[in-house]
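Below are the chains, spelled out letter by letter.
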Amino acid sequence: MIVTTTELFKQAYGKYAVGAYNINNLEQTIGLFRGNLGKHQSNSEPEDPTKAAPFIIQISRGARDYSDKRFLEAMIRTAENVFPEAIFAVHLDHGTEEVCYDCIDSGFYSSVMIDASHCPFEENIAITRRVVDRAHEKGIVVEAELGQLGGVEEDIVGSVKLTDPDQAAEFIERSGCDSLAVAIGTSHGAFKFSGSQSLHFDCLEKIQQAVPANFPLVMHGSSSVPQEWVQRINNAGGAMKNACGVNEEEYIRAAKLGVCKINIDTDGRLVWCATHREFFRDHPDQFDLRPPGKLFMANYAEYIQHKNSKLGSLGQLESVREALK
Ligand code: G3H
Ligand code: 13P
Ligand code: ZN
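Q: I keep staring at the environment of Gly-150 and nothing clicks. Help me out?
A: Looking at the element boundaries, Gly-150 is found in the loop between strand E5 (141–146) and strand E6 (151–153). Linking Gly-150 and Tyr-13, residues 137 residues apart in sequence, is a C-alpha distance of 26 Å.

Q: Explain the site of ligand 2 to me, please; I cannot follow it from the model alone.
A: The immediate surroundings of ligand 2 are formed by 15 residues, with Asp-93, Lys-192, Ser-223, Asp-265 and Thr-266 found nearest. At 3.1 Å, a side-chain N or O of Asn-263 approaches an oxygen atom of ligand 2. Taking 310 Å² as the accessible area of ligand 2 by itself, protein coverage stands at 97%. Where the shell around ligand 2 is concerned, the elements lending two or more residues are strand E3 (88–95) and strand E10 (259–264). Classifying every residue of the shell around ligand 2 by side-chain character gives 1 nonpolar, 11 polar and 3 charged.

Q: Would you explain the coordination of the zinc ion (ligand 3) in this entry?
A: Six octahedral donors around a metal ideally sit at 90 or 180 degrees from one another, while four tetrahedral donors ideally sit at 109.5 degrees. In this structure, His-94 (NE2), His-188 (NE2) and His-220 (ND1) serve as the protein donors to the zinc ion (ligand 3), at separations of 2.1 Å. Donor residues for the zinc ion (ligand 3), ordered by position in the chain, follow H-x93-H-x31-H. Of this pair, His-94 sits in strand E3 while His-188 is found in the loop between strand E8 (179–182) and helix H8 (201–210), placing the two residues 94 residues apart along the sequence.

Q: Where do I start with the sheet that holds E5 in this structure?
A: A barrel is described by the order of its strands in space; here 8 strands give the closed sequence E1-E2-E3-E4-E5-E8-E9-E10, paired in parallel fashion. Along the sheet, successive strands turn relative to each other by an average axial angle of 25°, direction set aside. In the packing of helix H1 (residues 5–12) onto the sheet, contacts are made with strand E1 (18–22), strand E2 (55–60), E3, strand E4 (111–114), E5, E8 and E10, and the angle to E2 comes to roughly 140°. Against the sheet, helix H7 (residues 165–175) makes contact with E5 and E8, and its axis sits at roughly 150° relative to E5, the strand it touches most.

Rules and cut-offs
Residues numbered from 1 in each chain as written. Chains lettered and ligands numbered in written order. Predicted model: local features only at pLDDT ≥ 70, side-chain atom pairs only at ≥ 80, totals over all residues. Heavy atoms only, no water. Helix = DSSP H or I, 4+ residues; strand = E, 2+ residues; numbered from the N terminus. Near = heavy atom within 4 Å. Polar contact = N/O pair within 3.5 Å; in protein donor to acceptor, adjacent residues only side chain to side chain. Areas by Shrake-Rupley, 256 points an atom, 1.4 Å probe, with all protein chains shown as cover. Nonpolar A, V, L, I, M, F, W, Y, C, P; charged D, E, K, R; others polar. Donors = N, O, S within 2.8 Å, 3.2 Å for Na, K, Ca; no water. Pairing = 2+ DSSP bridges. Axes fitted to C-alpha atoms, helices over the stretch in contact; angles between N-to-C directions. Contact = heavy atoms within 4.5 Å.

And the structure:
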């Protein structure tokens, strides 16, 4: 069942964060649904309620262009039929104004992100307000962003600018956005920190105090870049030196301070890369795409369950189902 992110955040606020996972292809989609239903190897395994979780499927502009946005929509609609127990939101990741309107008009997305965080404050508010007005007319909710993460967001290279708590309160009031992505020390990709830095919890705390009560905050660039997967990639011919991500133990601390959505893309790519590198290293005679694809779906499903355990969303699907009745 497709729901809005707001419906998921109402259940999660202050207790856990909902995982927002990017997809680009069929194997990622299947692994993601299986993982969030507590399944591993096959679609027909029974759901394990102790390991099932609500989740958010994210589609970036890059993903929409990679295949064709219609393939993604058809794939997710099919997944909805194959996995009728799943409860999830379909969300546009890092949209421009134009792409937001396309998603709003498609009738498929339940949530869009307008990312005008690179624009001056007033312009960010004005653009976000226009998207909010158009989305709300159709019952679609809007995530906006204030502050700038480091690294690369889609095609924009950013320099870090932590979110100003006072500006956050004003931004929410004037833009009418339903959730706000904040910059508190994370960045996109596999190389987030050079030492033992962590999230700026002092800044997050101030933001939570400044914004309206129970207002959902979002953390981008939150992959943990597990060293186990980096090692596996490097042992199978990769060259990912100094890759480093967010400490997974910090997810729950952030959730308790109002972070309801935690974005994970890079980790899924690492699982994909390690699985395929290892497979072809160990089976140099093989060229069939299905055996590594099958392994990846199982590995990814397992990884999603691990990640959800750290986000606190593992085992929460039934309570969400009850609340939505
Ligand atoms: O924030 C960026 C996401 O990880 C999406 O990445 O634009 O390469 O699909 P992408
Ligand atoms: P990561 O690169 O840390 O996975 O972040 C993904 C993200 O924020 C997507 O919007
Ligand atoms: Zn992002």
